[in-house]
Amino acid sequence: YIFLYFQVLKAFDYFSSWEGGGQQQLYKLDISWPKIPEYFSGQTFCVAVDSLHGLVYVGQRGDDIPKVLVFSEEGYFLYSWNDTVEMPHGIFVLNTATDSSVWITDVGSGKYGHTVKQYSPSGKLLQVLGTPGNAGSSLNPLQFDQPAEVFVEESGEMYIVDGDGGMNNRLLKLSEDYKEIWLSGENGTGIGQFRIPHSVTVDPFGRVWVADRDNRRIQVFDKVTGEWLGAWSSCFPEDGPYSVRFTGNYKYLIVAHLNINRLAILAAPPVGEIGDCAIVSTIQLADETKPHLVDVDVKSGAIYIAEIGAQQVQKFVPL
């Protein structure tokens, strides 16, 4: 009997470690978020967390529907807004000492498209970057072609990846008065070149991380000079990275893979060498959920995933 018991235990050990690939499970789904999923009425492309005020912004696409939905972090629907947003692609919340604002990249082809726009939390348009309705590559005046995502620092300096399949494949750093500081990238597979730069984030160690989607790699740049620091490609053999976001403690980098319905959690390197990537854990989502872009609540550690296929946002909380 004892022998049999140990055989069963060994078998259980084998299967449980095989199932997770020997990885630790770090997150679990919060099934109570949102309270009423029916508020998602279109394709949910992007999500951004205002950790300071406990708000979650969702950008969705579709005809005759609100383009931006606002929820509490507990999952209650609060309000929505729609003006001057055509086809949201990326969304970012900036908190400063005095106020907060919401930045949205718009890839529409109508009169509001090809722009990066700043809104008040209630949806009042504050700033438009780009030439609305006109795709282009100019830096003066600024033009974009399907800008994918924006990351804004508290100083007002910002990083824009442009674009999501248009004529541009570039990472642009702008000053607080929206002038070019540096520019990296063109279409290609070489160092500092991109094939659909799809997501961008910045760490506290002065590094800019870009999901170079169709090259199936993440490229890293010095935020002051724009110098190329390294790239990760060995972790993405099946599908390129769609989204890059750090956890609040900057210990991990969360990467979304749309075509294989998966989130990869990678060990973030400390200061110094970028080195090789290492996947610490994965979250396998249901088939056809198609995770597009993610954001992390730096206070609670929760991950929010905008899923185009499932037309929903899911929340995963740390274990």
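What you are looking at is a predicted structure, and each value in this text was computed from that prediction instead of being measured. (Residues numbered from 1 in each chain as written. Predicted model: local features only at pLDDT ≥ 70, side-chain atom pairs only at ≥ 80, totals over all residues. Heavy atoms only, no water.)

Asks: Explain the pairing of strand β3 (residues 55-61) to me, please; I cannot follow it from the model alone.
Replies: The side chains of a regular strand alternate between both faces of the sheet. Burial analysis of β3 places seven of its seven residues in the buried class, which makes it a mostly covered element. Burial of β3 is two-sided: the residues Leu55, Tyr57, Gly59 and Arg61 facing one way and the residues Val56, Val58 and Gln60 facing the other way are all buried. What sits between strand β2 (residues 43-50) and β3 in their antiparallel hairpin is a turn of four residues, with Gly54 showing a positive phi close to 70 degrees. The antiparallel pairing of β3 with strand β4 (residues 68-72) creates a hairpin that spans six residues between the two strands, and Gly62 there sits at a positive phi of about 155 degrees. (Buried < 20%, exposed > 50% of the residue type's maximum accessible area, 1.4 Å probe, protein only. Helix = DSSP H or I, 4+ residues; strand = E, 2+ residues; numbered from the N terminus. Pairing = 2+ DSSP bridges.)

Asks: Teacher, can you tell me more about the UniProt feature "repeat: NHL" (unreviewed entry) in the chain here?
Replies: UniProt marks residues 185-224 with the feature "repeat: NHL" (unreviewed entry), using the numbering shown here. As a span, residues 185-224 carries 0% helix and 45% strand, and end to end its C-alpha atoms are 16 Å apart. (UniProt positions renumbered as here; feature names shortened; annotations may be inferred.)

Asks: Please explain the sheet that holds strand β16 (residues 217-222) as it appears in this structure.
Replies: Sheet strands line up and pair through hydrogen bonds in the backbone, either parallel or antiparallel. Within the open sheet, the four strands sit side by side as β14-β15-β16-β17. Their pairing is antiparallel. Of all the strands in the sheet, just β14 (197-202) and β17 (228-232) have a single pairing partner and so form its edges. Averaged over all pairs of adjacent strands, the angle between their axes in this sheet comes to 20 degrees, without regard to strand direction. Pairing of β16 with β17, which is carried by four bridges, proceeds in the antiparallel orientation. Its bridge partner being in β17, Val220 is matched across the sheet by Gly230. (Axes fitted to C-alpha atoms, helices over the stretch in contact; angles between N-to-C directions.)

Asks: Help me understand the confidence of the model for the chain in this model?
Replies: For residues with low pLDDT, the predicted coordinates do not support detailed interpretation. For the chain, mean pLDDT is 92; residues scoring 70 or higher make up 93% of the total. Throughout residues 1-21 the model reports pLDDT below 50, and contacts reaching past four residues in sequence, or to other chains, amount to one contact. (pLDDT = per-residue confidence, 0-100. Contact = heavy atoms within 4.5 Å.)

Asks: How should the side chain of Asp106 be read in this particular structure?
Replies: Among the structural elements, Asp106 can be located in strand β7 (residues 100-106). Residue classification places Asp106 among the buried residues on the basis of a relative accessible area of 0%. A distance of 2.8 Å separates the side chain of Asp106 from the backbone nitrogen of Glu86, its partner in a polar contact. Beyond its immediate chain neighbours, meaning those up to four positions away, Asp106 contacts Thr84, Val85, Glu86, Met87, Pro88, Tyr112, Gly113, His114, Thr115, Lys117 and Pro147. (Polar contact = N/O pair within 3.5 Å; in protein donor to acceptor, adjacent residues only side chain to side chain.)

Asks: Can you walk me through the state of the cysteines in this structure?
Replies: Covalent bonding between the sulfur atoms of two cysteines defines a disulfide. Tallied over the entire structure, the rule returns one disulfide. A sulfur-sulfur distance of 2.2 Å marks the disulfide that ties Cys235 to Cys277. A torsion of 120 degrees about the S-S bond marks the disulfide between Cys235 and Cys277 as right-handed. Residue Cys235 is found in the loop between β17 and β18 (243-246), and its partner Cys277 is found in the loop between β20 (262-267) and β21 (279-284); the two are separated by 42 residues along the sequence. Taking the relative accessible area as the measure of exposure, Cys277 reaches 10% and is therefore buried. (Disulfide = S-S within 2.5 Å.)

Asks: Explain the environment of Leu52 to me, please; I cannot follow it from the model alone.
Replies: Considering the arrangement of structural elements, one finds Leu52 in the loop between β2 and β3. Residue Leu52 is classed as partly exposed on the basis of its relative accessible area, which comes to 49%. The spacing of Leu52 and Val298 is 246 residues in sequence and 9.2 Å in space, taken between C-alpha atoms. If we ignore the near neighbours within four places in the chain, the residues touching Leu52 are Asn95 and Lys299.

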